[in-house]
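# Descriptive analysis of the structure
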Amino acid sequence: MDRSLYIAMSGAKQSLQAQNSNANNLANMQTTGFKSDLEWFQSRPMNGAGYPTRVFAMIEKPGTDYSPGAMQTTGRDLDVAINGKGWIAAQGGDYDSKEAYTRAGDLRITPEGLLKTGAGLKVLGQNGQITIPPAEKVTIGTDGTISIIPMGSGNATTLVQIDRIKLVNPEIGELEKQGDGLFHTKTGEPLPVDASVSLHTGTLEGSNVNAFVAMTEMLELSKNFELQTKVMKTVDDNSAMSAKLMQMG
């Protein structure tokens, strides 16, 4: 009976972990540039003497759904979206000293002049963090070039180029999502600039979470957990009944 109890227990535990991952996807349905996590279940044999007849359930995250989210036109000068493949280089989160990559193009300028994403990530340029001096107008070109009309210049038609957003285009296998929710290279090394990556200006890429799929998965995981707990209850009842029969004998 311990075999059935162990299998049901491990299955219930992994169902809860999968539910946490799915809940995180649902919570980020409105997060700009968010990429949903994927997971799947499999059974694994127990290792060790006397255990070949036992198996346990395990959830694995084979990766991330890299499909693009829906494009939303905003008309805002500092909103950008990657056109096709590519990533915006940034710093922030739990790995502040490392270069990370995001598809979130909801950019902001802090009172100190730093260019950041809506989540507070520092956007990187050709020489590190991008700092924008006081300006009457800031524009971002399709190649990531940042130009401004300096404050008090007296010439509203003269644009001054100050930096260029670092855009990269690695192979998907080179990246992995880490604990800060950002994408990092598996080697930890920064990626080179890729001039072929371009931007849509005045546009944002939304989350790629499919609400209907996520809700369906939530219901399925709930049913799986309920089924596993019923199995554990049945095993416990059978064990109690067996003990009572042995006492009668």
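Scroll up to find the structure.
## Brief notes about the sheet that holds strand 13 (residues 160-164)
The strand order 11-12-13 describes an open sheet built from three strands, whose pairing is antiparallel. In this open sheet, the two edge strands, each paired with only one partner strand, are strand 11 (135-140) and strand 13. For this sheet the average axis-to-axis angle between neighbouring strands, irrespective of direction, equals 25°. Here five bridges tie strand 11 to strand 12 (residues 145-150), and the two strands are oriented antiparallel to one another. Note on strand 12: the bridge partner recorded for Ile140 is Ile146.

## Section: the side chain of Thr185
Tracing the backbone through its elements, the reader meets Thr185 in strand 16 (residues 183-185). Once residues within four sequence positions are removed from consideration, Thr185 is found in contact with Tyr101, Glu174, Leu175 and Leu191.

## Quick word on the environment of Leu114
As for its placement among the helices and strands, Leu114 is situated in the loop between strand 7 (107-109) and strand 8 (115-117). Between the C-alpha atom of Leu114 and that of Gln129, which follows or precedes it by 15 residues, the distance is 7.4 Å. If we skip the residues at most four places from it in the chain, Leu114 touches Arg108, Ile109, Gln129, Ile130 and Thr131.

## Section: the pairing of strand 5 (residues 87-91)
Among the five residues of strand 5, five are classified as buried, and the element is accordingly described as predominantly covered. Where burial is concerned, the two faces of strand 5 agree: the one with Trp87, Ala89 and Gln91 and the one with Ile88 and Ala90 are both buried. Direction of pairing for strand 5 relative to strand 14 (residues 167-168): antiparallel, over a ladder of two bridges. Counterpart to Trp87 in the pairing with strand 14 is Val168. When strand 5 meets strand 6 (residues 100-102), the two strands line up antiparallel, connected through three bridges. Opposite Ala89, over in strand 6, you have Tyr101 as the bridge partner. Pairing of strand 5 with strand 9 (residues 122-125) involves two bridges; the strand directions are antiparallel. Paired with Ala90 across the two strands is Val123, which belongs to strand 9.

## Description of the nonpolar core
Of all hydrophobic cores here, the largest spans 18 residues; its most connected members are Leu107, Ile140, Ile146 and Ile165. Residue assignment for this core shows that the elements contributing at least two residues are strand 4 (80-83), strand 11 and strand 12. Broken down by element, this core gets its largest block of residues, three residues, from strand 11. Discounting chain neighbours no more than four positions away, the residues touching Ile146 are Leu115, Ile130, Ile132, Val138, Thr139, Ile140, Val160, Gln161, Ile162, Asp163, Arg164 and Ile165. With eight residues, the next largest nonpolar core counts Ala89, Tyr101, Leu124 and Leu175 among its residues.

## A short note on the packing of aromatic side chains
Tallying each qualifying case throughout the model produces three aromatic pairs. With 6.1 Å between their ring centres and 85° between their planes, Tyr66 and Trp87 make a pair best called edge-to-face. With Tyr66 in the loop between strand 2 (55-64) and strand 3 (71-73) and Trp87 in strand 5, the pair connects residues that are 21 residues apart, well separated along the chain. Given a relative accessible area of 4%, Trp87 falls into the buried group. Where Trp87 meets Phe183, the ring centres are 4.8 Å apart and the plane angle is 50°; that geometry is what we call tilted. One end of the pair, Trp87, is in strand 5; the other, Phe183, is in strand 16, with 96 residues separating them in the sequence. Of the aromatic side chains, those joined through ring pairs into one cluster are Tyr66, Trp87 and Phe183.

Rules used in this analysis
Residues numbered from 1 in each chain as written. Predicted model: local features only at pLDDT ≥ 70, side-chain atom pairs only at ≥ 80, totals over all residues. Heavy atoms only, no water. Pairing = 2+ DSSP bridges. Helix = DSSP H or I, 4+ residues; strand = E, 2+ residues; numbered from the N terminus. Axes fitted to C-alpha atoms, helices over the stretch in contact; angles between N-to-C directions. Contact = heavy atoms within 4.5 Å. Buried < 20%, exposed > 50% of the residue type's maximum accessible area, 1.4 Å probe, protein only. Core = buried A, V, L, I, M, F, W, Y, C linked by side-chain atoms within 4.5 Å. Phe/Tyr/Trp six-rings, centres within 6.5 Å; stacked < 30°, edge-to-face > 60°.

This is a description of form; function is not addressed.
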